[in-house]
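# Notes for the structure review
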Amino acid sequence: MSDRGLSRRVALFLTAALAVAAFQCVPYVDSPPRLPPTGLAELTQEQKETFCQQGNYSKGRPLICIDNDTLQPHPQPAPVWDYEGFNGNPTNTPVVIHWFTQRTANLGISFAPGSNCVGEVHCNGRGRCIAVVQPLGEGEEQRQCKYDVIVDGKRNDPDLIVNPCCS
């Protein structure tokens, strides 16, 4: 292959890449600019550093936010499905629950031994824990469990309610 042929291919590739990049930078005319509800300057430093505030209220992919000060989880109680749903039907994938503190903290989540709500809880020590929901047994309509939320040594005991997917 000649150097001239290679140079042409490189030039064509760069031209195409620049054209794509330029096209992606053109703003959509009908969409207004997205601004935060309040100006960034109006937020306190604590508000700027808050990661998780209200949870997502999803039963199939739950995200539970823990208030660092009150230890109150959002949502409370947390309703979850035993299996993820797809098009209104259960799949074979158990639901994974994610807990986050609002700001970095030492978060711990623990269920009573034998509670049978979730499998092993894994926490990273920086405000995040995950666990897989244990599926409901044959004929079991619902399972309600208390669990402990521990944030920097303080404790709270909210509820988790496991329902069959996809009700």
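First, a word on what this report is: a plain description of the structure on this page.

Quick notes on the rules
- Residues numbered from 1 in each chain as written.
- Predicted model: local features only at pLDDT ≥ 70, side-chain atom pairs only at ≥ 80, totals over all residues.
- Heavy atoms only, no water.
- Pairing = 2+ DSSP bridges.
- Helix = DSSP H or I, 4+ residues; strand = E, 2+ residues; numbered from the N terminus.
- Phe/Tyr/Trp six-rings, centres within 6.5 Å; stacked < 30°, edge-to-face > 60°.
- Contact = heavy atoms within 4.5 Å.
- Polar contact = N/O pair within 3.5 Å; in protein donor to acceptor, adjacent residues only side chain to side chain.
- 1 Å grid on protein atoms, 1.4 Å probe; cavity = no way out; pocket = protein on both sides within 12 Å on 5 of 7 lines; lining within 4 Å.
- Points joined across faces, edges and corners; volume = space filled by probe spheres on them.
- Nonpolar A, V, L, I, M, F, W, Y, C, P; charged D, E, K, R; others polar.
- Core = buried A, V, L, I, M, F, W, Y, C linked by side-chain atoms within 4.5 Å.
- Buried < 20%, exposed > 50% of the residue type's maximum accessible area, 1.4 Å probe, protein only.

An order of β2-β1-β6-β9-β8 is seen for the 5 strands of this open sheet, with the pairing classed as mixed. The open sheet has two edge strands with one neighbour each: β2 (73–74) and β8 (122–123). Looking at chain direction, β8 and strand β9 (residues 128–132) are connected through 2 bridges and run antiparallel. Across the sheet, the residue bridging to His122 is Ile130, located in β9.

Moving on to the packing of aromatic side chains. Each aromatic ring pair is described using two quantities: the centre-to-centre distance and the angle formed by the ring planes. Per the counting criterion, the structure on display carries 3 aromatic pairs. Every member of this aromatic cluster is reached through a ring pair, and the members are Trp99, Phe111 and Tyr147.

The next subject is the environment of Gln142. Within the secondary structure layout, Gln142 lies in the loop between β9 and β10 (143–151). Look past the residues within four positions of Gln142 in its chain and what remains in contact with it is Leu136, Ile161, Val162 and Asn163. Reaching out from Gln142, the side chain makes a polar contact with the side chain of Asn163 at a distance of 2.8 Å.

Here we come to empty space enclosed by the protein. Within the structure shown, the criterion is met by 1 cavity of 30 Å³ or more. What the largest cavity holds in volume is close to 40 Å³. Contributing to the lining of the largest cavity are Asn56, Tyr57, Ser58, Pro62, Leu63, Ile64, Pro75, Ala78, Pro79 and Val80. Where the lining of the largest cavity is concerned, the elements lending two or more residues are β1 (63–66) and β3 (78–81). For the lining of the largest cavity, the element with the highest residue contribution is β3, accounting for 3 residues. Partitioned by chemical class, the residues of the lining of the largest cavity number 8 nonpolar, 2 polar and no charged.

Turning to the nonpolar core, a few remarks are in order. Membership of the largest hydrophobic core comes to 26 residues, with the highest contact counts inside it found for Ile97, Trp99, Leu107, Ile109, Phe111, Tyr147 and Leu160. Among the elements that line this core, the one with the most residues is β10, at 4 residues. If sequence neighbours within four positions are ignored, Ile109 has contacts with Trp99, Val121, Cys123, Cys129, Tyr147, Asp148 and Val149.

Within the secondary structure layout, Thr101 lies in strand β6 (residues 96–101). Setting aside chain neighbours within four positions, we find Thr101 in contact with Phe51, Cys52, Ile66, Asn68, Leu107, Gly127 and Val151.

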